[in-house]
Number of protein chains: 2
Amino acid sequence: MEELRGTPEMKEHYFDDLKPGDKFQSETLEVPGKAIVEFAEKFDPQKFHLNPKAAERSMFKGLVASGWHTAAITMRLFVRKLNFAEGAIGLGVDELRWPNAVRPGDVLQVETEILEARSCRSKPNYGIIQLRNVTTNQRGEIVQSMTAHAMVPRRADKTT
Amino acid sequence: MEELRGTPEMKEHYFDDLKPGDKFQSETLEVPGKAIVEFAEKFDPQKFHLNPKAAERSMFKGLVASGWHTAAITMRLFVRKLNFAEGAIGLGVDELRWPNAVRPGDVLQVETEILEARSCRSKPNYGIIQLRNVTTNQRGEIVQSMTAHAMVPRRADKTT
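The rules we used
- Residues numbered from 1 in each chain as written.
- Chains lettered and ligands numbered in written order.
- Predicted model: local features only at pLDDT ≥ 70, side-chain atom pairs only at ≥ 80, totals over all residues.
- Heavy atoms only, no water.
- Core = buried A, V, L, I, M, F, W, Y, C linked by side-chain atoms within 4.5 Å.
- Buried < 20%, exposed > 50% of the residue type's maximum accessible area, 1.4 Å probe, protein only.
- Contact = heavy atoms within 4.5 Å.
- Least-squares fit on C-alpha atoms with pLDDT ≥ 70 in both.
- Axes fitted to C-alpha atoms, helices over the stretch in contact; angles between N-to-C directions.
- Helix = DSSP H or I, 4+ residues; strand = E, 2+ residues; numbered from the N terminus.
- Parallel < 35°, antiparallel > 145°, perpendicular 65-115°, else oblique.
- Nonpolar A, V, L, I, M, F, W, Y, C, P; charged D, E, K, R; others polar.
- Salt bridge = Lys/Arg side-chain N within 4 Å of Asp/Glu carboxyl O.

Thoughts on the nonpolar core
Thought 1: If you look at the biggest cluster of nonpolar residues, it comprises 90 residues, and the most contacted ones within it are W68, L96 and I129 of chain A together with W68, L96 and I129 of chain B.
Thought 2: With residues near it in sequence (within four places) discarded, I129 of chain A still touches F15, L18, F84, I114, E116, A117, A148, H149, A150 and V152 of chain A.

Some details on the relation of the copies chain A and chain B
Thought 1: Each copy of the sequence occupies a distinct position, and chain A is placed on chain B by a rotation of 180° and an axial shift of 0.0 Å, giving an RMSD of 0.0 Å. Put plainly, the chains are arranged around a two-fold axis. Taking the C-alpha atom as reference, chain A places D94 of chain A closest to the rotation axis, 2.3 Å from it.
Thought 2: Most of the interface of chain A is mirrored in chain B, where 100% of its interface residues again form contacts.

Observations regarding the packing of helix 4 (residues 67-82) of chain A against helix 1 (residues 33-43) of chain B
Thought 1: Put simply, helix 4 of chain A and helix 1 of chain B touch, their axes get as near as 8 Å, and they point 70° apart. On the basis of their axis angle, the class for helix 4 of chain A and helix 1 of chain B is roughly perpendicular. Contacts from H69, A72, I73, M75 and R76 of chain A in helix 4 of chain A reach F39, E41, K42 and F43 of chain B in helix 1 of chain B.
Thought 2: Here the residues of the contact of helix 4 of chain A with helix 1 of chain B are counted per class, giving five nonpolar, one polar and three charged.

Quick notes on the pattern of salt bridges
All names here are of chain A.
Thought 1: The final tally for this structure, using the stated rule, is 20 salt bridges over all chains.
Thought 2: R155 is paired through a salt bridge with D17; the nearest N and O atoms lie 2.7 Å apart. Of this pair, R155 sits in the segment after strand 6 (142-153) while D17 sits in the loop between strand 1 (3-5) and strand 2 (23-31); the two residues are 138 residues apart in sequence, bridging distant segments of the chain.
Thought 3: Among the ionic pairs, E27 bridges to R80, the shortest N-O distance being 2.4 Å. Taken as a pair, E27 in strand 2 and R80 in helix 4 lie far apart in primary sequence, 53 residues in all.

Taken by themselves, the reported measurements are silent on function.
Have a look at this one:
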């Protein structure tokens, strides 16, 4: 299990709290080699994710995390930071890129920027946000970037 | 752990084996409720992924898998079917969508279509493929679709 550092972020957010340009820094998370291998055994059984010795001989010259593991860790850091009161419902993701690999012991952090916030016509209790998540390692190198649309709840007292 | 059905797909593929229009059907995988909750506890701790009772009161009216769990399962089914000899290196993903939620007991299958296959200028031992993965449940409903670019190895005897 990855080790969480820093204090949990418990402030709840609603759609009403967010506007384009807002930025949020997540807590950090260390990714041990054991977690990289465990994820790969379940979901991405390729040798550069599974076996340190075989990974040495690959293009990566060492064990690296599955991009989907990096994406899942990013979701964890994002969800804990934004902490949407009733949850955020992902509608879709675009431009998901992994410019640098995550390696054992890397410490990841996510910066979220709100790009757009608009009403949801079909569901008046919700709004739709577009956001950009950029995940970096302890050296500030980008290990993942993506944009996403999500449906998030409005405060009940503002829906009238 | 999700239960694998059907026989493992062990045929190795190289870049040279693939051309635009080729389609591949993965084996199927059942997703138990326990796996949905385990993934969510680690990576997407939102109540409609974690707690069946709380999920009943959400927009989903019941427990649903994290979209990132669906994406990870899709990778597993894709990797086992295509079984690239030296592994496939994901370069990026676009248009990742989750039109229907995955629920406990759903049985997923992935259809892969090769959209494009081209040489890799900087790395002559590899080619770059663009593919579309569509993941369906036991009723044929689409639970995820995406396009991706990946770098895959050429056969050594064809690189001269």
